[in-house]
Amino acid sequence: MRDIHNIVILTGAGVSAESGVATFRGPDGLWEGHRVEDVATPEAFARDPDLVQKFYDERRAKLKTVEPNAAHQALAKLDQAWPGDLLLVTQNVDDLHDRAGSQRLLHMHGELNSAWCLACGERSSFLDGQMALDPACPKCDQFGFLRPDIVWFGEMPYEMERIELALAQCDLFVSIGTSGAVYPAAGFVQSARHYGAQTLEINLYPSEGSFHFHESRMGKAGELVPDWVE
Ligand SMILES: CC(C)NC(=O)[C@H](Cc1c[nH]c2ccccc12)NC(=O)[C@H](CCCC/N=C(/NCCC(=O)O)S[C@H]1O[C@H](COP(=O)(O)OP(=O)(O)OC[C@H]2O[C@@H](n3cnc4c(N)ncnc43)[C@H](O)[C@@H]2O)[C@@H](O)[C@H]1O)NC(=O)OCc1ccccc1
């Protein structure tokens with residue numbers, strides 16, 4: 001077995017569940033209240049921008065009521081201490097990894113606390129306020145052109161080149177709190193294995209990709225991730 005120098009970690013909604021952030025497919029999951037295609041596609045935004053903006057405004061406001069948990073904190077500690085390459089790729093649009101202190105972090109599906117102006121193309125931090133009220137772009141001051149800086153279904157995830165390069169060079173790939181239902185993220189374990197990496201899954205229940213992993217540890221991220229990092 002290769003020595004472990006370079007690590008890629010993929011997280012999903014399960015890593016934020018113990019902080020009180022709803023997952024997507026669990027009971028009372030996010031998609032329970034809404035059909036994906038009604039709130040998380042470019043077509044939905046064209047059809048009913050107000051509904052989509054309200055959906056993300058609600059989730060952005062919720063962020064102010066939740067805190068990073070032991071899993072976020074353990075991953076931030078590992079980031080600070082790990083001498084080799086490390087990349088934490090999250091599918092989550094919440095800011096809990098950031099607030100826990102993770103630096104080598106990449107939001108492949110975007111962030112709730114960021115706005116994307118379709119007039120000037122600029123992205124800007126958007127912490128407070130409601131995008132449903134069509135505020136002005138902080139960069140170009142034009143009204144009504146802001147959309148959530150979120151990767152919707154059918155849209156290309158962010159920084160795929162950087163992710164693929166890290167997967168090609170990693171010795172260990174770890175997946176935490178994801179159902180393995182959404183691509184291209186769900187295919188990362190196969191890429192990592194293709195390049196000879198060890199692969200570990202930490203999840204509450206078996207995921208759609210569990211059979212791809214060398215090892216799967218079933219349980220809560222808030223308990224198993226600190227143990228794994230120790
Ligand atoms: C539904 C699925 C079949 N569809 C797709 O995958 C589509 C289409 C597609 C592309 N390739 C394919 C190949 C085959 C089939 C389909 C496709 N993919 C796309 O459209 C992607 C874009 C997808 C991104 C969409 N945006 C999201 N998020 C932002 C929005 C928002 O957040 O509102 S996806 C969103 O859903 C996914 C949810 O999954 P999870 O995070 O895993 O959450 P879930 O609730 O499902 O599971 C939670 C897990 O945690 C566990 N758990 C719970 N509690 C705990 C706990 N306490 N501890 C540990 N584990 C826990 C549970 O057991 C469970 O397993 C995440 O990715 C999340 O980000 N874009 C694209 O393909 O563009 C073109 C392209 C691609 C490449 C190159 C060129 C062009």
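Residues numbered from 1 in each chain as written. Predicted model: local features only at pLDDT ≥ 70, side-chain atom pairs only at ≥ 80, totals over all residues. Heavy atoms only, no water.

If you check an unreviewed UniProt entry, the protein appears there as NAD-dependent protein deacylase from Parasphingorhabdus halotolerans. Note on the protein: under the UniProt heading Function (unreviewed entry), the record states "NAD-dependent lysine deacetylase and desuccinylase that specifically removes acetyl and succinyl groups on target proteins. Modulates the activities of several proteins which are inactive in their acylated form." In its Sequence similarities (unreviewed entry) section, UniProt records this for the protein: "Belongs to the sirtuin family. Class III subfamily." (UniProt positions renumbered as here; feature names shortened; annotations may be inferred.)

(A) Up close: the packing of aromatic side chains. For the structure shown, the criterion picks out four aromatic pairs. Relative to Trp-152, the ring of Phe-45 has its centre 5.3 Å away and its plane inclined at 40 degrees; by these criteria the two rings are tilted. Of this pair, Phe-45 sits in helix H3 (residues 42-47) while Trp-152 sits in the loop between strand E6 (146-150) and helix H7 (160-169), placing them 107 residues apart in sequence. By the burial criterion, Phe-45 is buried, and Trp-152 matches it. Taking 6.3 Å as the distance between ring centres and 20 degrees as the angle between the ring planes, the aromatic pair formed by Phe-173 and Phe-213 counts as stacked. Within this pair, whereas Phe-173 is found in strand E7 (residues 172-176), its partner Phe-213 is found in the loop between strand E8 (198-203) and strand E9 (215-218), the two being separated by 40 residues in sequence. On the accessibility criterion, Phe-213 (11% relative accessible area) is buried. One aromatic cluster is present, built from ring pairs that chain together Phe-45, Phe-55, Tyr-56 and Trp-152. Geometry around Trp-116 places Arg-123 over its ring, the cationic atom sitting 4.0 Å from the centre. (Phe/Tyr/Trp six-rings, centres within 6.5 Å; stacked < 30°, edge-to-face > 60°. Helix = DSSP H or I, 4+ residues; strand = E, 2+ residues; numbered from the N terminus. Buried < 20%, exposed > 50% of the residue type's maximum accessible area, 1.4 Å probe, protein only. Lys NZ or Arg CZ within 6 Å of the ring centre and 35° of its normal.)

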